[in-house]
Amino acid sequence: MVSLKDSKAISLIKSLFKWVTHSNYQVATVYTAFIGLGGILCGYDTGSISGIMNMTQFIKQFANSVDSSGQPILTSSQKSLILSILSAGSATGSLSVAHLADTIGRRPSIMLGCVILSVGVIVQLATDTMKALAIGRFIAGVGVGLLSSLIPLYQSETSSQKNRGTVVSSYQLHSSIGGFFSSVINELCKDNDTALAYKLPIALQLLWAVLLFFLVIFIPETARYYTRKGQLAKARQSISLLMSVPENSIIVTNELELMSTDSMYAYTKKDRSCGWKSIFTTEGRQLFRLFTGIGVQVFQQLAGSNFVFYFGPEYFKSIGVNDTYIISMINTAINSASTVPALLLIEKLGRRLLLNFGAIAMAITQFILAGVGFAKTSETKTKVQIALSCIYLFCYSCTWGSTASVISNEIFPTSTRAKSVALSGSSNALINWAVVYAIPHLVDSGSGNANLGTKVYFIWAGCCLVSLIFSYMTVFETKGLSLEQIDELYKAVKYAWQSKKYIPTAITFRAQVDRKRSKEKDSADNETTAHTLGQQNTVEKRVRIQEFDPAIDADQTTVQATDQTTIHDVDQTTVMKQHDRTSDGDPDGDPDTYSSV
């Protein structure tokens, strides 16, 4: 009999945990995992509102029209308003991140998002009119917009380059779990004959908002926010806490050095007060990065997932499914489970491969779905449509659903990251609003509607093909690179399909090598090594940091002008082995490697 201790499953879990908590980032991984719970808030409404709109009590309360049999119904315009108004609020909240995140910080802004969302939920619970309900959903949307942009931003700035993709993808996992929870709650409440049927699912959002608010109280602000503000002493404290090492450690010093010498701003007060004009500059290919960040967010919304998430119950009812709530619950469960492969593969296969494969798979699935719609109504046709919907959700969730937010939160330099992420997030929300508002008019029958039905899948499939071209041409491969190395990547490599061959310079590898060496020594040796290695750093960078951070002693800025051919002179062979960015080949690039050395 095999003991639990020797179980392969237990060994696999231990190996996975060891990989996720790479290097000195164990504490940071815990913090980012906790804050990722905010994704539940953002996914919960998406999963709940579609079911709520089909509840008898909700329709009786808010419908202003009747069908041919005299039963109250929601018009296409009402459905569009209810579903899309939250996205309009989300766009407003995402744009607010540009100012809030750089002014009061990432952490306080997340707490503010929880408060705003809670206010919106309370307004929805207190109303019995469509106008007031829409106002409440808009206010809640502002909170959702803040959280959906800030949480991945916080995660990307506090996680290691070895697991950043996994950590940021966990936000989408939590979002899909929120959607599953909401579908379960809808199933339990749908038969209640009072207003509690739809008010209880809405009210439960308060629970998640309060929980996240109190969790954020105990997490630190990101070090990159402090370096942008010139508060290097606080940045040092933040790095020390997140990496669980002493403040005077060489690990902290090197991390701080890399952050403070971000090539998009020369670490001056003028550059720290980055305005909107710098967001649209071509310096450092910032404008191209913005185009990429906005593009991946837009095409994520045009992939067709909103049709399944928001209109699932109504769609399945139209193709002959009786218990639409059960099917919706199955879909949200598939969405949650399918996000897990993305967590495991994004740092193994890379961003480009996931996006390209996902676009092809989604396009094929949706072309087939659209074609099946022309067949005569039958039980077989219904089963095929349900199965294809599940396959599509799997393809979406483990590729574009998880990867888009990773890319848009990691490709920008510190000086422009908050504003660029805000624009990317607001673009996502605006396209979401437009799509959700248009779907009832595209799908429904009746005067003024296109009556496309399942033929709407042709539109989504076409968008997926366009997204394939976009991702191949514009998305750079960033797996295994720190945020500062990504900045260097965009300056050294011209074309996206050549990015996988890029090798960071020896300078940007210094912190990684020093960190690896210091882990191999005991605590006493670490202090000695920290002092010795600290003296070998260049005087220009040390003096620049010392001007803003008095915690660095003057003797640390003294340079021994003699032998500096130490671990900092990392040759390209060592770099390639350590990064493993080219070991599995690159089918879409040439055999050359690229470096800014």
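All figures in this text were calculated on a predicted structure; none of them were measured in a lab. (Residues numbered from 1 in each chain as written. Predicted model: local features only at pLDDT ≥ 70, side-chain atom pairs only at ≥ 80, totals over all residues. Heavy atoms only, no water.)

A look at the overall build of the protein
A count of helices and strands for the protein gives 26 helices and two strands. Counting all 597 residues of the protein, 57% fall into the buried class. A separation threshold of at least 6 residues defines the contact pool for the protein, and within that pool the share at least 24 residues apart is 78%. (Helix = DSSP H or I, 4+ residues; strand = E, 2+ residues; numbered from the N terminus. Buried < 20%, exposed > 50% of the residue type's maximum accessible area, 1.4 Å probe, protein only. Contact = heavy atoms within 4.5 Å.)

Considering the confidence of the model for the protein
Looking at the protein as a whole, the pLDDT averages 78, with 77% of positions reaching at least 70. Note that pLDDT drops below 50 for residues 263-273; the model gives that stretch 32 contacts with residues more than four away or on any other chain. Taken together, the stretch residues 532-580 has pLDDT below 50 and engages in 91 contacts with residues farther than four places along the chain or on a different chain. (pLDDT = per-residue confidence, 0-100.)

Points about the packing of helix α15 (residues 305-318) against helix α16 (residues 324-345)
Orientation of α15 relative to α16, taken along the N-to-C sense of each, is 145 degrees, at an axis distance of 9 Å. In this structure, α15 meets α16 at a crossing whose hand is right-handed. For the pair α15 and α16, the contacting residues are V308, F309, G312, P313, F316 and K317 in the first and T324, I327, S328, N331 and N335 in the second. (Axes fitted to C-alpha atoms, helices over the stretch in contact; angles between N-to-C directions. Left-handed = near helix turned anticlockwise from the far one by under 90°.)

What about the packing of aromatic side chains?
Summed over all chains, the structure comprises 20 aromatic pairs. Summarising the aromatic geometry, the rings of F181 and W208 are spaced 5.9 Å apart at their centres and angled 5 degrees between planes, so their arrangement reads as stacked. Separated by 27 residues along the polypeptide, F181 in helix α8 (residues 164-189) and W208 in helix α9 (residues 196-216) bring together distant segments of the chain. Feature note: the residues F58, F62 and Y198 constitute an aromatic cluster, connected by ring pairs. The aromatic ring of Y472 is capped on one face by R352, whose charged end is 5.2 Å from the ring centroid. (Phe/Tyr/Trp six-rings, centres within 6.5 Å; stacked < 30°, edge-to-face > 60°. Lys NZ or Arg CZ within 6 Å of the ring centre and 35° of its normal.)

Concerning the side chain of N331
With respect to the helices, strands and loops of the structure, N331 is situated in helix α16. Beyond its immediate stretch of four places on either side in the chain, N331 contacts V308, F316, C390 and L393.

Here's the deal with the environment of A91
Mapped onto the elements, A91 comes out in helix α5 (residues 76-103). C-alpha of A91 to C-alpha of L430: the two residues are 339 residues apart in sequence and 5.7 Å apart in space. In this structure, A91 is in contact with S426, A429 and L430, ignoring residues within four places of it in sequence.

So, the environment of I360
Residue position: I360 is located in helix α17 (residues 351-372). For I360, a relative accessible area of 40% translates into the label partly exposed. C-alpha of I360 to C-alpha of A461: the two residues are 101 residues apart in sequence and 9.1 Å apart in space.

Observations regarding the side chain of Q286
By the element assignment, Q286 lies in helix α14 (residues 286-301). Within the structure, the side chain of Q286 is placed 3.1 Å from the side chain of T416, a separation counted as a polar contact. (Polar contact = N/O pair within 3.5 Å; in protein donor to acceptor, adjacent residues only side chain to side chain.)

Quick notes on unusual backbone geometry
Residues other than glycine seldom take positive phi values, yet R285 does so here, at roughly 60 degrees. The class of R285 is partly exposed, set by a relative accessible area of 24%.

Topic: the nonpolar core
Within the largest apolar cluster, 103 residues are counted, with the highest numbers of intra-cluster contacts made by F58, I110, L147 and F307. Among the elements that make up this core, the one with the highest residue count is helix α7 (residues 130-158) (nine residues). A223, Y225, M243 and L256 belong to the second largest nonpolar core, which has 13 residues in total. (Core = buried A, V, L, I, M, F, W, Y, C linked by side-chain atoms within 4.5 Å.)

Quick look at the state of the cysteines
One pass over the full model with this rule turns up zero disulfides. Left without a disulfide partner, C398 is nearest to the cysteine sulfur of C395, which lies 6.2 Å away. C398 sits in the buried class, given a relative accessible area of 7%. Between C463, a cysteine without a disulfide, and C464, which holds the nearest cysteine sulfur, the sulfur-to-sulfur distance is 7.1 Å. (Disulfide = S-S within 2.5 Å.)

Remarks on helix α18 (residues 379-397)
In this model α18 runs 27 Å from its N-terminal to its C-terminal C-alpha over 19 residues, within 8% of the 27 Å that 1.5 Å per residue would give. Among the residues of α18, K381, T382, Q385, I386, L388, S389, C390, Y392, L393, C395, Y396 and S397 are the ones counted as buried. (Expected span 1.5 Å × (residues − 1).)

A look at the environment of K317
Positionally, K317 belongs in helix α15. Residue K317 is classed as exposed on the basis of its relative accessible area, which comes to 58%. Separated by ten residues in the primary sequence, K317 and I327 place their C-alpha atoms 9.9 Å from one another.

Quick word on the pattern of salt bridges
By the definition in use, this model includes 13 salt bridges. Across the pair R417 and E157 runs a salt bridge whose closest N-O atoms are separated by 2.9 Å. Here the residue R417 occupies a position in helix α20 (residues 414-443), and E157 occupies one in helix α7, the gap between them amounting to 260 residues. Note that D191 is salt-bridged to K190, the shortest N-O span being 3.3 Å. The exposure class of K190 is buried, given its relative accessible area of 18%. (Salt bridge = Lys/Arg side-chain N within 4 Å of Asp/Glu carboxyl O.)

Describing the packing of helix α11 (residues 232-243) against helix α12 (residues 250-260)
One can describe the packing of α11 onto α12 by two numbers: an axis separation of 10 Å at closest approach and a directional angle of 125 degrees. Judged by the inter-axis angle, α11 sits oblique to α12. Between α11 and α12 the crossing geometry is right-handed. Contacts between α11 and α12 involve L232, A235, R236, I239, S240 and M243 from the former and I251, V252, T253, E255, L256 and M259 from the latter. (Parallel < 35°, antiparallel > 145°, perpendicular 65-115°, else oblique.)

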